[in-house]
Amino acid sequence: MSDSAILVINAGSSSLKFGIYSEVNRDEHLLLGGAADGIGRDDGTLVLLDGNGRTLRSEKGVFATHEDALSEAAHWTAESFQGRICAIGHRVVHGGPHLIAHQRITASVLQELHKCIHFAPLHIPLALQLIERAERSYPQVQQIACFDTAFHNTIPECAARFPIPQALYNEGIRRYGFHGLSCESIIYQLDSRLRRRVVVAHLGSGASLTAVYEGISVDTTMGLTPTGGIPMASRSGDLDPGVLLYLLRSKHANPESLEALLNHDAGLKALSGGMSDMRDIEAAAAKGDQKAQLAIDIFCTSIRKTIAAYAAVLGRLDMLVFTGGIGEHSVRVRKDVCRGLAFFGVALDDFKNESHHETVSTEASNVQVCIVASEEDLMIARHCRAIMNEAGVSR
């Protein structure tokens, strides 16, 4: 076992996941983990778990900000973990056009992150705040940024370019793609079982699909920001640009109101009449709620259309992987998506699907359909260890 550990910090819009990882037999293993939920609300919770998922401590509390939650989490972990932390890894959603690889956080990296806030105004400021808070809590520990966009640096220009003037492309207006750490973790886990032509469907509150050829990203649905692509819990996904022009001209919208609409009041939430959690939507649809049914239909149809398009990009489809909260747990979504792909030779085994087996396709299926849990935090720990080993300071 390594005598030093990696602390991983992964922030969501109202949540914060954290974990301490140690190297065992050349891979990272979770020693302690936890999560703060309900940040910014009066029903917040903080939970600390051991490496086997057993609850060590759980309390309700009010965390006004992510920094408050991280400060309390740091206090809890310090009481339960007496080892040395050699690095802190942060999931950073967007690094802009210049920060395209996982790397140590330096003054120049922070400066560049400040410059590219406009690429992800909902995400980068939060990352900067947590980096600053972590530096105060662990002043002598090296921090590392792991970018969700890094995995997609391999997509070709024909996939990265938008049909807009060259000058805008030169400014960094292009397809970046996100959920890269999740996709990496899927490929790592499948290892020798990975097929040549794969579509990874990361379906959660944020949702995207990625076309993977021989382990390399060649196209992905999210674009300049995590708002693009298929409809999501409360994000619109792709829209006709004319919709935005209409809102600007006829509804006197401004950037702030558009941002609120596209990120917080669109997607499944808008279609279903206010529900953004697929579990609630499925329950309502089962009771005959037509809006909920429409939301599921639009969501699954958009996924099927994208899979078909990516099969054309890849030349054919060998494997379809479901991951993310919806992808891993929704029997109905997997069934509805695969039902419309029978012409590709996709054949779902209903029993395996309902039992959440790792492989849910039949033996006769031309496409192997799998469920693989996303392990973003573990992937961050691996990247951090590699970077620190390269620098010769992880032990």
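Given the structure is predicted, the values throughout are model-derived calculations rather than measurements.

Asker: A description of the side chain of Asn 10 should follow, citing residues and the corresponding values.
Answerer: Following the sequence through the fold, Asn 10 ends up in strand β1 (residues 4-11). What makes Asn 10 buried here is its relative accessible area of 3%. There is a polar contact of 3.3 Å between the side chain of Asn 10 and the side chain of Glu 376. At a separation of 2.8 Å, a polar atom in the side chain of Asn 10 contacts the side chain of Asp 377. When sequence neighbours within four positions are dropped, the list of residues in contact with Asn 10 reads Leu 16, Lys 17, Arg 91, Glu 376 and Asp 377.

Asker: Summarise the sheet that holds strand β7 (residues 103-104); cite the residues concerned and give the values.
Answerer: In a beta sheet, neighbouring strands are held together by backbone hydrogen bonds and run either parallel or antiparallel to one another. With mixed pairing, the 8 strands of this open sheet are ordered in space as β5-β4-β3-β2-β1-β6-β8-β7. The open sheet is flanked by β5 (55-61) and β7, the only strands paired with a single partner. Here 2 bridges tie β7 to strand β8 (residues 142-147), and the two strands are oriented antiparallel to one another. Looking at β8, one finds that Arg 104 is bridged to Ile 144. Helix-sheet contacts for helix α3 (residues 124-137) involve β1, β2 (15-24), β6 (84-92) and β8, and the interaxial angle to β6 is about 170°. Here helix α15 (residues 376-391) sits on the sheet and contacts β1, β2, β3 (27-37), β6, β7 and β8; the angle it forms with β1, its principal contact strand, is near 135°.

Asker: Tell me about the sheet that holds strand β13 (residues 368-371), and please be specific about residues and values.
Answerer: Read across the sheet, 5 strands follow the order β11-β10-β9-β12-β13 without closing on themselves; strand pairing throughout is mixed. Only two strands of the sheet have a single partner each, and these edge strands are β11 (216-220) and β13. Each adjacent strand pair in this sheet contributes to an overall mean axis angle of 25°, direction not counted. Pairing between strand β9 (residues 197-203) and strand β12 (residues 319-323): 5 bridges, direction parallel. Opposite His 202, over in β12, you have Thr 323 as the bridge partner.

Asker: Describe the pattern of salt bridges, naming the residues involved and giving the relevant values.
Answerer: Across all of its chains, the model carries 17 salt bridges by this definition. Of the charged contacts, one joins Glu 79 and Arg 57 as a salt bridge, the two residues approaching to 3.1 Å between their closest N and O atoms. Taken together, the positions of Glu 79 in helix α1 (residues 66-80) and Arg 57 in strand β5 put the pair 22 residues apart, joining distant regions of the chain. Residue classification places Glu 79 among the partly exposed positions, given a relative accessible area of 47%. With its nearest N and O atoms 3.4 Å apart, the salt bridge here joins Asp 336 to Arg 332. Note that Asp 336 and Arg 332 are positioned in helix α13 (residues 331-339) at a spacing of 4 residues, about one turn of the helix. Arg 332 sits in the partly exposed class, given a relative accessible area of 25%.

Asker: Report on the packing of aromatic side chains, specifying residues and quantitative values.
Answerer: Any pair of aromatic rings gets described here by the distance separating the centres and the angle formed by the planes. The full count for this structure, using the stated rule, is 2 aromatic pairs. Measuring from ring centre to ring centre gives 6.0 Å for Phe 119 and Tyr 176, while their planes differ by 70°; the resulting arrangement is edge-to-face. With Phe 119 in the loop between α2 (107-115) and α3 and Tyr 176 in the loop between α5 (166-170) and α6 (180-190), this residue pair connects regions lying 57 residues apart in the sequence. Looking at Phe 119, the relative accessible area reads 5%, which means it is buried.

Asker: Tell me about the pairing of β12, and please be specific about residues and values.
Answerer: Successive side chains on a regular strand alternate, one facing one side of the sheet and the next facing the other. Among the 5 residues that make up β12, 5 are buried, leaving the element largely enclosed by the rest of the structure. Every second residue of β12 is oriented toward a common face, with Met 319, Val 321 and Thr 323 on one face and Leu 320 and Phe 322 on the other, all of them buried. Direction of pairing for β12 relative to β13: parallel, over a ladder of 4 bridges. The residue bridging Val 321 from the neighbouring strand is Cys 370, located in β13.

Asker: Outline the state of the cysteines, supporting the account with residue identities and numerical values.
Answerer: As enumerated under the stated definition, the model contains 0 disulfides in all. Residue Cys 86 stays outside any disulfide, its sulfur separated by 8.3 Å from that of Cys 384, the closest cysteine. Relative accessible area serves as the criterion here: at 5%, Cys 86 is assigned to the buried category.

Asker: Kindly report on the packing of helix α11 (residues 290-314) against α13, identifying the contributing residues and their values.
Answerer: In the contact formed by α11 and α13, the axes pass within 9 Å of each other and the chain directions differ by 50°. Of the possible angle classes, the one that applies to α11 and α13 is oblique. For α11 against α13, the interelement crossing comes out right-handed. Taking contact as the criterion, the partners of Gln 293, Ile 296, Phe 299, Cys 300, Ile 303, Arg 304 and Ile 307 in α11 are, on α13, Arg 332, Val 333, Asp 336 and Val 337. The class makeup of the residues in the contact of α11 with α13 is 7 nonpolar, 1 polar and 3 charged.

Asker: Describe in detail the side chain of Thr 77, supporting the description with residues and values.
Answerer: Relative to the helices and strands, Thr 77 resides in helix α1. On the accessibility criterion, Thr 77 (3% relative accessible area) is buried. A polar contact of 3.0 Å, which involves the side chain of Thr 77, links it to the backbone oxygen of Ala 74. Filtering out sequence-adjacent residues up to four positions away, Thr 77 remains in contact with Phe 18, Ile 20, Leu 32, Leu 48 and Tyr 138.

Asker: Can you lay out the nonpolar core for me, pointing to particular residues and giving the numbers?
Answerer: Core analysis: the biggest nonpolar cluster contains 57 residues, and Leu 113, Leu 203, Phe 299, Ile 307 and Leu 320 have the highest contact counts within it. Take this core: its biggest share by element is 10 residues, from α11. Counting residues in each nonpolar core, the second largest holds 26 residues, with Ala 5, Ala 11, Phe 63 and Leu 130 among its members.

Here is what the cut-offs are and how they apply
Residues numbered from 1 in each chain as written. Predicted model: local features only at pLDDT ≥ 70, side-chain atom pairs only at ≥ 80, totals over all residues. Heavy atoms only, no water. Helix = DSSP H or I, 4+ residues; strand = E, 2+ residues; numbered from the N terminus. Buried < 20%, exposed > 50% of the residue type's maximum accessible area, 1.4 Å probe, protein only. Polar contact = N/O pair within 3.5 Å; in protein donor to acceptor, adjacent residues only side chain to side chain. Contact = heavy atoms within 4.5 Å. Pairing = 2+ DSSP bridges. Axes fitted to C-alpha atoms, helices over the stretch in contact; angles between N-to-C directions. Salt bridge = Lys/Arg side-chain N within 4 Å of Asp/Glu carboxyl O. Phe/Tyr/Trp six-rings, centres within 6.5 Å; stacked < 30°, edge-to-face > 60°. Disulfide = S-S within 2.5 Å. Parallel < 35°, antiparallel > 145°, perpendicular 65-115°, else oblique. Left-handed = near helix turned anticlockwise from the far one by under 90°. Nonpolar A, V, L, I, M, F, W, Y, C, P; charged D, E, K, R; others polar. Core = buried A, V, L, I, M, F, W, Y, C linked by side-chain atoms within 4.5 Å.

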